[in-house]
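For reference, the chains in residue letters:
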Amino acid sequence: MLFRRAPLIILLSMLVPTQVKASIELTDNINLSGFGSTAISKSDNRTPLFISREITDEVCYDCDTIFGLQLDVDIFEGFTASGQVVKRTQDKWSDPELEWAYLSYEYDDFEFRAGRLRLPLFLVSEYYYVGQAYPWARPPQEVYDSILGFTSYDGLSVAWNLELSDGLLLTVSPYYGFERVNKVDLGVVALEFDTDYMAGIYVDLVGFNYRIHSGFMQAKYQQRPSPIVEKLDVYTLGGEYSYDSWQWMAEIEIDRIQTNWYASIIYAFDAFSPYFTYAESHQSRKSKAGTLGLRYDATSSISLNLEYQMIFSTEEGNRGQFVTSPLVYGESSDVDLVTLSVNFVF
Amino acid sequence: MFKGLNELTRLCYGRILILLLLCCASPSTLAAVVDDGDVEFAIFSLNNDLPPLSKNKARMLYRGKSKKISGSLKIILVDLPETSIHREDFYKMLLGKSVSQMNGYWAGLAFSGKGSPPEELDSDDIKQILKWLNDNPNGIAYAPIESVPEEVNILITVPQGE
């Protein structure tokens, strides 16, 4: 079974030459770049694991497959446009998602954006689909799946980038997303949220080897078909710090139905980076998890991840990181997961 | 529930404080750790209007976290080829990062619409570097200090600092 797809991976790595420019310059002002990830993954539990990935105890070759293309255009002095189309884990190849499409204008210390934009809730939100850009095979689900994996809004944002000193940058960015419908499949259940607005702000403090990211978002929505209008306030705080070959990352997410956090430590020696992540979910989902992984940077644009993840339920029958209660499948609430993934950029 | 929340927030702010303290303490210690090579680098330009760089500023520029100097001058960086030993040494000395760590890092920047990796030269020959600088008046480059001609504007040396 495992070998049947091996040619695909070899083919994929051949498609991406070892010495590549980071992207393709179509003209002086137009830049096309791309990214992708795919994985072989298997758990020891029949209950589908993780929203939009749904990994089970059968070896899965396309649960984690992502492919994206990004087009950046310099229009004229200060104006740029960017579009990103992504086949996300839950999408069919024939039906990818327009993840962002915006017009940006930079003036002095300000940057204005309008269009479809990424929700800036978490540390790696902006490159959530780019496996090459973060150490793990997947961003920790406890935090990153807390708002059901919604990643974009249609609206406006402004970012004020202020250099407090030579080594310290402060970014303050409020944003507002207009009315739209957000859909997500949770196992066999399709959820639809009629979102009235999503508005928020993030504040970043950035040094050359650290970043502190804090975010707040309020969403007003109705979960169809319910007529009840609900409001959700989401608070996030994350930090990353690197020193020498070490890197630390930690984040927490709090809203009225849940609290989630993780902490991760990564050590880089040569092309290998072993890492360990510990994560907890409370209230709505109840679990604790440890992930031990190894990333291997094969070339400047291709990396591999091998991961072993153990998730323990802290309440029998609770959904935890599954898409539904494991009781539905008559399964244990604990799960172990093995993943071998490959990431590339061009 | 709210009591718990408050405690959490307090805990978080405590952590930020520790993190901040750590960061303030790090530059001097980092310099001591990476000062092990024989090569000394110069970050330089052909533009005499560019002011000297502080070590912090140089680090911010080469991590793509800052693109301007003196508040308004937009800077362009150039990189040596990946095969160049100087590139490896330079990033280790200035940032304490390996080339593969930097690659992952640049991928994040490029795909978040926050910037693109520096343009890469075909060779680390000083003539090529000078030619690129000549074409890019707001460009800065790095090279081993002994290969850098005297008439260029050296903004900072690495690892010594100003």
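Computed from a prediction, not measured in an experiment: that's the story for all the values here. (Residues numbered from 1 in each chain as written. Chains lettered and ligands numbered in written order. Predicted model: local features only at pLDDT ≥ 70, side-chain atom pairs only at ≥ 80, totals over all residues.)

1. A short note on the overall build of chain A
Argument step 1. Summing up its helical and strand segments, chain A has two helices and 18 strands in all.
Argument step 2. Its C-alpha atoms give chain A a radius of gyration of 20 Å, within 12% of the compact-globule value 20 Å for 346 residues.
Argument step 3. Its C-alpha atoms give chain A principal-axis dimensions of roughly 60 × 55 × 40 Å.
Argument step 4. Relative to its 346 residues, chain A shows a buried fraction of 44%. (Helix = DSSP H or I, 4+ residues; strand = E, 2+ residues; numbered from the N terminus. Rg over C-alpha atoms; globule rule 2.2 N^0.38 Å. Buried ≥ 20, exposed ≤ 12 C-beta atoms within 10 Å, placed from the backbone.)

2. Here we look at the nonpolar core
Argument step 1. Ranked by size, the top nonpolar core spans 64 residues in total, and within it V130 of chain A together with A107 and F111 of chain B carry the most contacts.
Argument step 2. Residue contacts for A107 of chain B: discarding those within four places in its chain leaves V130, Q132, A133 and V345 of chain A.
Argument step 3. Y62, L94, A141 and A143 of chain B belong to the second-largest nonpolar core, a separate cluster that totals 26 residues. (Core = buried A, V, L, I, M, F, W, Y, C linked by C-beta atoms within 7 Å. Contact = placed C-beta atoms within 7 Å.)

3. Overview of the sheet that holds strand β5 (residues 119–120) of chain B
Residues and elements named next belong to chain B.
Argument step 1. Spatial strand order, β5-β4-β6-β1-β7: five strands in an open sheet with mixed pairing. Of all the strands in the sheet, just β5 and β7 (153–158) have a single pairing partner and so form its edges.
Argument step 2. Pairing of strand β1 (residues 41–45) with β7 involves five bridges; the strand directions are antiparallel. Looking across to β7, one finds that F44 is bridged to I154. (Pairing = 2+ DSSP bridges.)

4. A short note on the interface of chain A and chain B
Argument step 1. Taken together, the 34 residues of chain A in the interface contact 35 residues of chain B.
Argument step 2. Contributing elements (two or more residues each) for the side of chain A that touches chain B: β2 (30–43), β10 (189–207), β11 (210–223), β12 (229–243) and β13 (246–255) of chain A.
Argument step 3. In terms of residues, the side of chain A that touches chain B owes the most to one element, β12 of chain A, which gives four residues.
Argument step 4. Grouping the amino acids of the side of chain A that touches chain B by side-chain chemistry returns 18 nonpolar, nine polar and seven charged. (Nonpolar A, V, L, I, M, F, W, Y, C, P; charged D, E, K, R; others polar.)

5. Some points on unusual backbone geometry
Argument step 1. Of note, the amide linkage connecting R224 of chain A to P225 of chain A takes the cis form, showing an omega dihedral of 0 degrees.
Argument step 2. Relative to the assigned elements, P225 of chain A resides in the loop between β11 and β12.
Argument step 3. Residue P159 of chain B follows V158 of chain B across a cis peptide bond; omega there is 10 degrees.
Argument step 4. As for its placement among the helices and strands, P159 of chain B is situated in the segment after β7.
Argument step 5. Residue L148 of chain A is not a glycine yet carries a positive backbone phi of 60 degrees.
Argument step 6. Considering the arrangement of structural elements, one finds L148 of chain A in the loop between α2 (141–144) and β7 (152–165).
Argument step 7. For Q283 of chain A, which is not glycine, the phi dihedral falls at a positive 65 degrees.
Argument step 8. Mapped onto the elements of the fold, Q283 of chain A is located in strand β15 (residues 272–283).

6. Considerations on the confidence of the model for chain B
Interpretation of the predicted coordinates at a detailed level should be avoided for regions scoring low in pLDDT.
Residues and elements named next belong to chain B.
Argument step 1. Per-chain confidence: chain B averages 80 in pLDDT, with 75% of residues scoring 70 or above.
Argument step 2. Per-element confidence in chain B ranges from a low mean pLDDT of 44 for helix α1 (residues 2–34) to a high of 96 for β1.
Argument step 3. Contacts for the low-pLDDT stretch residues 1–5, under 50 throughout, to residues beyond four places or in other chains number one contact.
Argument step 4. In this model residues 14–36 is a low-confidence stretch, pLDDT under 50, and it forms 21 contacts with partners more than four residues away in sequence or in other chains.
Argument step 5. As a predicted assembly, this complex carries a pTM of 0.85 together with an ipTM value of 0.82. (pLDDT = per-residue confidence, 0-100.)

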